[in-house]
Amino acid sequence: MKKFWGFVIKECLHLLRDYRTMIILVGMPIAQVILFGFAIRNELDSLRIGILDNSRDNVTTEITSKLLSSGYFILDGYFNRHEEIEAAFEGGRIKEAVVFGSSFAEDILRDNRADIQIITDASEPNMANLALSYTSGIIQNYAASLSEEQQIPLSIGTEVKMLYNEEMKSVFMFVPGIMALILMLISAMMTSITIAREKELGTLEVLLASPLKPLQIILGKVAPYLLLSMINVAFILIVSTTVFGMPIRGSLLLLVAECALFIMTALSLGILISAISNSMQVAMAISLVGLMLPTVLLSGFIFPVENMPYALQVFSHILPAKWFLIIIKNIMLKGTGFAYIWKETGILLFMTAVLLTVSIKKFKIRL
Amino acid sequence: MNSIEVKNICKSYKDTKALEDISFEVKKGEIFGLIGPDGAGKTTLFRILTTLLLKDSGSAGVEGFDVEKDYKAIRRIIGYMPGRFSLYQDLSVEENLNFFATVFDTTVKANYELIKDIYVQLEPFKTRRAGKLSGGMKQKLALCCALIHQPEILFLDEPTTGVDPVSRKEFWEMLKKLKDKGITILVSTPYMDEAFLCDRIALIQSGRIMDINTLEGIILKFPKKLYAIKSDNMYKLNSDLKECGMCDTVYIFGEYLHLTPKSSECSGLEDYLSEKGHTGIEISQIKATVEDCFMDLMSRHGSTNNE
Amino acid sequence: MNDLIINTENLTKKFGNFTACDNISFNVKKGEIFGFLGANGAGKTTAIRMLCGLSQPTSGHATIAGYDIYKDTEKIKLNIGYMSQKFSLYEDLTVKENIEFYGGIYRLPSKEIRERSKKLIGELGLESVQNKLIGSLPLGWKQKLAFSVAVFHTQKVVFLDEPTGGVDPVTRRQFWELIYKAADEGISVFVTTHYMDEAEYCGRISMMVDGRIAAMGTPKELKGSFNVGSMYDVFLHLARGTK
């Protein structure tokens with residue numbers, strides 16, 4: 001135990017001495033949250049749309065006016081025939097078209113349901129997905145108010161995407177992603193670099209020739225980063241709730257526990273990376289390419305997993321960040337309890353166990 | 001009783017042979033020097049003995065423990081100072097020492113007696129970062145850290161490389177004191193003149209041990225007559241001697257040239273040099289130095305670095 | 001005065017309160033081998049960095065090959081060669097590539113580079129390994145080649161910072177023969193070493209102690225003035241005296 005604390009103290013001293021890195025490690029999470037929150041607002045603004053209204057009744061007119069008054073969309077023009085839509089897309093005049101079927105209002109009253117076709121320009125998938133969500137959100141809102149009025153359940157058939165983000169604030173979608181990213185960065189990359197540094201500077205040679213066991217070396221090196229990562233979690237949560245009004249609807253304790261689990265997963269990944277790399281440069285490159293890029297691109301942080309090609313969807317299953325995002329969104333936005341996320345938690349636990357076992361096995365007792 | 005026993009060790013990296021059939025013993029309580037240039041295989045040998053590297057064949061034991069089977073036991077009783085400065089440069093002298101003490105489950109206080117002589121020289125700088133120390137001071141700190149757990153054997157891989165002659169002399173004085181306290185020391189060095197400070201030495205070159213003996217033993221075995229010679233123009237003297245055909249070897253050696261004549265005498269040499277216009281000629285027969293022996297052994301092992 | 005390749009007057013470098021080099025004055029003539037000795041931390045490296053134009057002196061004057069070390073640092077860099085044990089050649093380039101690369105840096109015409117590379121490889125007997133990576137050569141070969149590359153482009157002065165550390169005794173002597181040859185051809189050699197026998201090979205020696213030049217002269221003069229038998233004793237006498 002004394003050895004362990006000696007190691008932790010030493011590691012903390014390294015961190016404190018290297019104040020530049022320290023500033024980056026503590027400052028970056030806050031900067032990232034604020035940056036993503038304010039600057040990279042992934043919101044729609046004045047998207048040009050066209051409307052083909054085959055019904056032209058009071059319901060379709062009302063929906064159209066709701067869409068246009070939302071501020072997200074600008075009407076490019078009405079179409080008369082379906083063929084005109086394609087031409088408008090090709091000409092780049094519109095990014096989205098809304099098509100109402102004939103006898104829309106009658107259908108609703110008679111069958112309690114009607115269909116709207118929403119066509120988007122998927123050459124910009126992110127924008128398209130967002131536009132789709134916004135449009136369906138507005139339509140669902142309308143449908144809900146209509147059902148209340150008529151006292152009968154009505155439905156308008158569009159896909160519902162942003163049910164738990166009613167205000168459609170993009171920062172809510174980003175905070176969990178940033179958390180995953182930061183924790184990956186600090187836990188995985190920093191641990192892999194700090195162990196690789198001992199290899200590169202030759203200090204590991206002395207440690208190996210001492211009675212220290214691999215587990216002791218690893219735990220001692222990793223503990224300070226666990227602490228640092230938890231501090232960062234606190235920072236991110238404070239900034240996102242106070243500055244952006246992000247809710248934490250579920251249990252805070254559960255949230256913190258899940259974050260700790262994800263940090264453990266990331267730390268064990270970091271240890272594994274350091275076990276297979278001999279220099280800081282290699283460790284950094286593997287962390288960046290092997291962890292950061294997939295976390296940013298494939299975990300559902302920026303691009304929704306459902307929109308990815310099948311192969312990438314399958315691949316995303318092995319990313320811890322994907323499961324972490326699901327857990328966080330569930331706890332923070334939906335307010336669900338452990339009963340709804342035990343599967344994802346189990347997956348993360350399993351990953352951590354496997355990674356830790358492999359990396360301790362891989363950690364060489366010799367040079 | 002032998003502290004270290006090495007029998008027929010071989011080690012190769014891909015297709016280069018780092019060690020070829022190395023055998024030697026180090027007696028308990030002696031200072032044993034491995035003397036040879038960089039690339040001779042000294043570091044590889046150290047790493048095998050400190051259980052950090054696996055050998056290809058042969059056997060090696062430290063204090064009766066096998067370097068592979070009993071590596072844990074060995075790691076408890078050795079102190080190791082690698083060739084490269086291997087302390088934490090961003091930690092202070094004190095912090096480094098405390099850290100290594102905890103690694104071995106001990107404290108600086110408990111072992112202060114052993115390191116006192118060395119530590120008093122470091123004390124004025126104890127809050128200075130290790131990276132900011134001068135070369136000689138770094139070596140002293142590294143030695144302190146290697147001693148902190150009272151090891152039975154010290155492995156010092158080129159502790160004096162790049163260190164100035166005065167600091168080197170001080171370092172060796174410290175080793176002598178440690179030896180008096182009963183610690184066995186295996187030390188490597190590329191500086192041939194440090195041989196006289198070891199009880200016994202092994203001359204190592206290109207992965208092979210060329211000779212093992214006491215310094216006197218090695219010098220007595222020097223097979224030829226050796227002369228030191230100087231004149232007022234050393235550069236010309238060197239080339240003239242190499243051309244004259246009377247000498248086997250001519251090497252510059254400080255202010256003299258050392259030469260071994262082809263015939264048993266070198267009587268004609270002075271006349272030849274006068275003829276060549278040399279003035280201030282001095283010739284005298286001398287005892288060989290380790291370096292003479294080393295070069296002689298190198299030529300006989302056919303392992304000079306050129307072809 | 002053209003014969004003075006290095007000429008310094010009261011060269012001083014301070015880092016805050018610490019004076020690393022304190023009023024250093026000396027000169028090195030054309031074709032002279034000048035030994036620059038001193039304990040670790042005596043200020044040798046600081047002095048070399050100033051002379052190579054890598055660091056600005058706090059005060060004092062110096063010229064290298066006729067160029068002022070304050071104003072003409074770029075010209076100085078073109079006229080000096082430098083090698084140390086730590087940095088000499090690129091390990092992941094071949095022998096030939098290294099030679100050509102350094103020729104290129106110093107703006108030699110490519111035809112000349114080719115001719116001189118060929119000559120150099122021949123002289124050092126490296127034909128068989130010219131296309132091998134530097135990293136695969138023994139240290140001694142590397143150091144000899146590094147020296148040859150350092151004098152490859154220059155006709156003026158070469159700075160050698162502990163060039164022979166860890167090199168085997170035979171190669172060490174061959175290395176010094178290369179130094180002698182270069183000096184004979186008129187190149188000034190400025191060398192630091194921890195081998196005291198090598199101090200004897202220098203034409204003149206300066207001994208630095210705590211940032212100052214404590215003694216300067218031929219090896220014979222130095223030994224005479226301290227009344228001792230070897231350069232090692234001179235060193236011991238001077239460096240110990242500081243404590």
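These numbers were taken from a predicted model, which means no experiment stands behind them. (Residues numbered from 1 in each chain as written. Chains lettered and ligands numbered in written order. Predicted model: local features only at pLDDT ≥ 70, side-chain atom pairs only at ≥ 80, totals over all residues. Heavy atoms only, no water.)

Would you explain empty space enclosed by the protein in this entry?
It is a probe the size of a water molecule, rolled over the atoms, that shows where empty space is left. Residues and elements named next belong to chain B. Tallying each qualifying case throughout the model produces four cavities of 30 Å³ or more. Reported here for the largest cavity is a volume of approximately 170 Å³. Among the elements of the structure, β6 (78-81) and α5 (135-147) are those that each provide at least two residues to the lining of the largest cavity. The class makeup of the residues in the lining of the largest cavity is 14 nonpolar, six polar and three charged. Space inside the second largest cavity adds up to approximately 90 Å³. If you go around the second largest cavity, the residues you meet are F222, K224, L226, T249, Y251, H258, L259, T260, D292, M295, D296 and S299. Of all the secondary structure elements, the ones that give two or more residues to the lining of the second largest cavity are β12 (247-253), β13 (256-261) and α10 (290-300). (1 Å grid on protein atoms, 1.4 Å probe; cavity = no way out; pocket = protein on both sides within 12 Å on 5 of 7 lines; lining within 4 Å. Points joined across faces, edges and corners; volume = space filled by probe spheres on them. Helix = DSSP H or I, 4+ residues; strand = E, 2+ residues; numbered from the N terminus. Nonpolar A, V, L, I, M, F, W, Y, C, P; charged D, E, K, R; others polar.)

I'm lost on the interface of chain B and chain C in this one. Help?
Reports often express the size of an interface as the amount of accessible area lost when the parts come together. Contact with chain B, which involves 35 residues of that partner, is made by 40 residues of chain C. Summed over both sides, the interface of chain B with chain C buries roughly 3100 Å², with 55% coming from carbon and sulfur. Counting every contact that joins chain B to chain C gives four salt bridges. A salt bridge links K223(C) to E255(B); its shortest N-O distance comes to 2.9 Å. Per-element accounting of the side of chain B that touches chain C gives the leading share, seven residues, to helix α6 (residues 165-180) of chain B. (Contact = heavy atoms within 4.5 Å. Buried area = accessible area lost by both parts, 1.4 Å probe. Salt bridge = Lys/Arg side-chain N within 4 Å of Asp/Glu carboxyl O.)

Teacher, can you tell me more about the packing of aromatic side chains here?
Two aromatic rings, taken as a pair, are described by how far apart their centres are and by the angle between their planes. Residue and element names in this part refer to chain C. Under the definition given, this model contains 26 aromatic pairs over all chains. Ring centres of F26 and F34 lie 5.0 Å apart, and the angle between their planes is 10 degrees; on these two criteria the pair is classed as stacked. Between W176 and Y201, the ring centres sit 5.1 Å apart and the planes meet at 70 degrees, which makes this aromatic pair edge-to-face. Placement of the pair is W176 in helix α6 (residues 169-184) and Y201 in the loop between α7 (196-199) and β9 (204-209), with a sequence separation of 25 residues. Given a relative accessible area of 1%, W176 falls into the buried group. We classify Y201 as buried; its relative accessible area is 4%. Put simply, the rings of F26, F34, F36, F159 and F190 touch in pairs and so form one group of aromatic residues. (Phe/Tyr/Trp six-rings, centres within 6.5 Å; stacked < 30°, edge-to-face > 60°. Buried < 20%, exposed > 50% of the residue type's maximum accessible area, 1.4 Å probe, protein only.)

What's the story with the sheet that holds strand β1 (residues 4-15) of chain C in this structure? I'm lost.
Within a beta sheet, neighbouring strands are joined by backbone hydrogen bonds and run either parallel or antiparallel to one another. Residues and elements named next belong to chain C. Reading across the sheet, the four strands line up as β2-β1-β4-β5 and stay open at both edges, with antiparallel pairing between neighbours. Each of the sheet's edge strands pairs with one partner strand only, and the pair in question is β2 (18-29) and β5 (67-68). Sheet topology places strand β4 (residues 59-64) next to β5; two bridges connect them, and they run antiparallel. Residue pairing in the sheet places I64 in a bridge with Y67 of β5. In the packing of helix α1 (residues 44-51) onto the sheet, contacts are made with β1, β2 and β4, and the angle to β1 comes to roughly 120 degrees. (Pairing = 2+ DSSP bridges. Axes fitted to C-alpha atoms, helices over the stretch in contact; angles between N-to-C directions.)

What is the right way to look at the state of the cysteines in this model?
Each disulfide is one covalent bond, formed between the sulfur atoms of two cysteines. Residues and elements named next belong to chain C. Under the criterion given, the structure shown has zero disulfides over all chains. The thiol sulfur of C21 is not disulfide-bonded, and the nearest other cysteine sulfur, from C52, lies at 12 Å. Given a relative accessible area of 0%, C21 falls into the buried group. Its relative accessible area of 4% is what places C52 among the buried residues. (Disulfide = S-S within 2.5 Å.)

When you look at the confidence of the model for chain B in this model, what are you seeing that I'm missing?
Reading fine detail from the predicted coordinates is not recommended where pLDDT is low. Chain-level statistics for chain B give a pLDDT mean of 91 and a share of 97% at 70 or above. Listed scores for the predicted complex are pTM 0.82 and ipTM 0.86. (pLDDT = per-residue confidence, 0-100.)

Explain the interface of chain A and chain B to me, please; I cannot follow it from the model alone.
At the interface, 26 residues of chain A touch 32 residues of chain B. Both sides together, the interface formed by chain A and chain B hides about 2700 Å², and carbon and sulfur atoms give 60% of it. Three residues, R17(A), E205(A) and R366(A), lead the burial of chain A against chain B; their summed loss comes to 25% of the area buried on that side. At the boundary of chain A with chain B, the tally comes to four salt bridges. Ionic pairing is found between D105(B) and K3(A), a salt bridge with its closest N-O pair at 3.6 Å. The interface formed by chain A and chain B includes 12 residue pairs in polar contact (both at pLDDT 80 or more). Looking at which element gives the most residues to the side of chain A that touches chain B, the answer is helix α1 (residues 2-17) of chain A, with eight residues. In terms of residue class, the side of chain A that touches chain B is made up of 11 nonpolar, five polar and 10 charged. (Polar contact = N/O pair within 3.5 Å; in protein donor to acceptor, adjacent residues only side chain to side chain.)

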